[in-house]
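Here are the chains, one letter per residue:
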Amino acid sequence: MLNNIGLPGLLLIAVVVLVLFGRGKISSLMGEVGKGITAFKKGVKDGTEELENQTAEEAKDVTPSEEKDKV
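For clarity, every value in this text was computed on a predicted model and none was experimentally measured. (Residues numbered from 1 in each chain as written. Predicted model: local features only at pLDDT ≥ 70, side-chain atom pairs only at ≥ 80, totals over all residues. Heavy atoms only, no water.)

**Some remarks on the overall build of the protein**
In step 1: When you go through the protein residue by residue, the secondary structure sums to 2 helices and 0 strands.
In step 2: When the 71 residues of the protein are sorted by exposure, 1% land in the buried category. (Helix = DSSP H or I, 4+ residues; strand = E, 2+ residues; numbered from the N terminus. Buried < 20%, exposed > 50% of the residue type's maximum accessible area, 1.4 Å probe, protein only.)

The structure is reproduced here in structure tokens:
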């Protein structure tokens with residue numbers, strides 16, 4: 001069903017959405033979507049940095065576990 005929409009159908013859908021919701025509502029909605037994407041990217045970046053820091057801390061300690069128990 002969705003394979004047969006084509007460009008005229010997409011334009012008609014866009015016009016109907018614009019008429020129903022108005023330009024202001026759509027622009028504010030897109031602004032919120034942009035903020036959400038930015039927050040998601042920041043979260044992924046923070047998580048990646050946390051994992052890198054965690055593995056770096058583990059890599060720094062090269063003492064064998066037997067010697068750690070003695071100390």
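**Regarding the UniProt feature "transmembrane region" (unreviewed entry) in the protein**
In step 1: Under the local residue numbering, the UniProt record ascribes the feature "transmembrane region" (unreviewed entry) to residues 6-22.
In step 2: End C-alpha atoms of residues 6-22 are separated by 24 Å, and the span's content is 100% helix alongside 0% strand. (UniProt positions renumbered as here; feature names shortened; annotations may be inferred.)

**Here we look at helix H1 (residues 6-60)**
In step 1: Here H1 spans only 58 Å end to end across 55 residues, well under the 81 Å set by a 1.5 Å rise per residue.
In step 2: Remark: the principal bend of H1, roughly 95°, maps to Gly-22. (Expected span 1.5 Å × (residues − 1). Bend = angle between axes of the 7 residues up to and from the residue.)

**Concerning the pattern of salt bridges**
In step 1: For the structure shown, the criterion picks out 2 salt bridges.
In step 2: For the salt bridge of Lys-35 with Glu-32, the shortest nitrogen-to-oxygen distance reads 3.9 Å. Of the two residues, Lys-35 and Glu-32 both sit in helix H1, 3 residues apart, roughly one turn of that helix.
In step 3: Judged by its relative accessible area of 56%, Lys-35 falls in the exposed class.
In step 4: The closest approach of N and O atoms between Lys-42 and Asp-46, which form a salt bridge, is 3.6 Å. Of this pair, Lys-42 and Asp-46 are both found in helix H1, 4 residues apart, which corresponds to roughly one turn of the helix. (Salt bridge = Lys/Arg side-chain N within 4 Å of Asp/Glu carboxyl O.)

**Quick notes on a nonpolar patch on the surface**
In step 1: Residues Leu-10, Leu-12, Ile-13, Val-16, Val-17, Leu-20 and Phe-21 make up a contiguous nonpolar surface patch of about 690 Å² in total accessible area.
In step 2: Relative to the assigned elements, Ile-13 resides in helix H1.
In step 3: When its relative accessible area of 45% is taken as the criterion, Ile-13 is described as partly exposed. (Patch = residues over 30% accessible without salt bridge, like charges linked within 9 Å, V, L, I, M, F, W, Y side chains within 5 Å. Areas by Shrake-Rupley, 256 points an atom, 1.4 Å probe, with all protein chains shown as cover.)

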